[in-house]
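# Structural description and commentary
Below are the chains, spelled out letter by letter.
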Amino acid sequence: MSTNERVKKSKPEEMKKQRILMLHGYRQSEMAFRERSGGLRKALKSQCEFIFCEAPHLVPKSVTEKVDNEEATNSDERGWWFSADDDSYNALDVTECDKGFEKSLDYLNETFRQHEPIDGILGFSQGGCLAGIL
């Protein structure tokens with residue numbers, strides 16, 4: 001066996017990047033989670049491909065929120081499901097309500113089909129709960 005053949009055999013084969021599904025938290029968006037996970041993505045860019053999803057449900061503007069101007073809206077805040085019929089979510093609620101959960105599962109099933117194979121899931125807050133369920 002020549003030296004070149006030994007070098008070729010001793011080099012590890014190039015590994016396929018792992019595909020990680022990224023699930024943001026309640027009152028976040030895909031873009032916000034992408035920005036906040038920049039350090040992780042940079043550290044793992046040679047090993048992982050990150051697939052960001054955005055929850056299908058807009059979080060309604062709370063009546064109690066004070067807004068200084070028209071631009072300060074919650075238009076990009078989203079959730080994976082609501083824990084009350086008034087389209088709110090509280091992680092501490094003990095409830096039978098999971099309003100919008102089925103729609104989120106349908107959306108994620110389609111995401112899995114489009115991006116298969118998915119090797120892992122990373123979620124934050126409500127997205128972390130959803131990752132555990134999946």
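Here's what I pulled together on the structure shown here. Numbering of residues starts from 1 in every chain and runs along the sequence as written. Two thresholds apply to this predicted model, a pLDDT of at least 70 for residue-level local features and 80 or more for giving and counting side-chain atom pairs, whereas whole-chain, interface and lining totals are computed over all residues. For side-chain calculations, the full set of non-hydrogen atoms in the structure is used, while hydrogens and water are omitted.

### Remarks on helix 4 (residues 101-115)
Since the α-helix advances by 3.6 residues per turn, residues separated by three or four positions end up pointing in the same direction. Taking 1.5 Å of rise per residue, the 15 residues of helix 4 would be expected to cover 21 Å, and the 21 Å separating its terminal C-alpha atoms lies within 8% of that figure. Three exposure classes are used, based on accessible area relative to the maximum for each residue type with a 1.4 Å probe and protein chains only: buried under 20%, partly exposed in between, and exposed over 50%. Helix numbers and strand numbers start at the N terminus; a helix is a DSSP run of H or I with at least 4 residues, a strand a run of E with at least 2. Regarding helix 4, the residues found buried are Phe101, Ser104, Leu108 and Thr111. Projected onto a plane normal to the axis of helix 4, the buried residues spread over an arc of 80° and lie on a single side. With respect to the buried face of helix 4, the exposed residues turned more than 90 degrees away are Glu102, Arg113 and Gln114. Its buried side turned inward, helix 4 meets strand 1 (18-23), strand 2 (48-53), strand 3 (57-58) and helix 5 (126-133). In this analysis, the expected span of each helix is defined as 1.5 Å times one less than the number of residues it contains. Picture the helix axis, draw a direction to every C-beta atom, and the arc is the one those directions span. Should any heavy atoms of two residues lie within 4.5 Å, those residues are counted as being in contact.

### Brief notes about the packing of aromatic side chains
Ring geometry is summarised as follows: Phe, Tyr and Trp rings, the Trp one being its six-membered ring, pair when their centres sit within 6.5 Å, and such pairs are stacked at plane angles under 30 degrees, edge-to-face over 60 and tilted between the two. What the rule picks out here adds up to six aromatic pairs. With 6.4 Å between their ring centres and 85° between their planes, tyrosine 26 and phenylalanine 82 make a pair best called edge-to-face. Taken as a pair, tyrosine 26 in the loop between strand 1 and helix 2 (30-36) and phenylalanine 82 in the loop between strand 4 (78-79) and helix 4 lie far apart in primary sequence, 56 residues in all. Each member of the pair, tyrosine 26 together with phenylalanine 82, is buried. In this structure an aromatic cluster arises from ring pairing among Tyr26, Trp81, Phe82, Tyr89 and Phe101.

### Section: the pattern of salt bridges
Any Lys or Arg side-chain nitrogen found within 4 Å of a carboxyl oxygen on Asp or Glu counts as a salt bridge. By the definition in use, this model includes six salt bridges. Here glutamate 54 ties to arginine 78 by a salt bridge, and the two come within 3.2 Å at their closest N and O atoms. With glutamate 54 in the loop between strand 2 and strand 3 and arginine 78 in strand 4, the pair connects residues that are 24 residues apart, well separated along the chain. Residue classification places glutamate 54 among the partly exposed residues on the basis of a relative accessible area of 29%. Close ionic contact of arginine 113 with glutamate 110 constitutes a salt bridge, the shortest N to O distance being 3.3 Å. In this pair, arginine 113 and glutamate 110 are both assigned in helix 4, three residues apart and thus about one turn of the helix distant.

### Overview of helix 5
Listing the buried residues of helix 5 in full gives Gln126, Gly127, Leu130 and Ala131. Projected onto a plane normal to the axis of helix 5, the buried residues spread over an arc of 145° and lie on a single side. The elements touched by buried residues of helix 5 are strand 1, strand 4, helix 4 and strand 5 (120-123).

### Focus: the sheet that holds strand 2
Pairing between strands is defined by DSSP: at least two bridges between them are needed. Taking strand neighbours across the sheet as the criterion, the three strands line up as 2-1-5 in an open arrangement whose pairing is parallel. Edge positions in the open sheet fall to strand 2 and strand 5, since each of these has one partner strand only. Across the sheet, the mean angle from the axis of one strand to that of its neighbour is 30°, orientation sign disregarded. Sheet topology note: the strand 1/strand 2 ladder contains six bridges and is parallel. Within the sheet, the bridge partner assigned to glutamine 18 lies in strand 2 and is cysteine 48. Lying over the sheet, helix 4 contacts strand 1, strand 2 and strand 5, oriented at roughly 160° with respect to strand 1. Packing of helix 5 onto the sheet brings it into contact with strand 1 and strand 5, and relative to strand 5 it is tilted by some 150°. Note on definitions: angles span 0 to 180 degrees between N-to-C directions of axes, and those axes are lines fitted to C-alpha atoms, for helices only across the stretch in contact.

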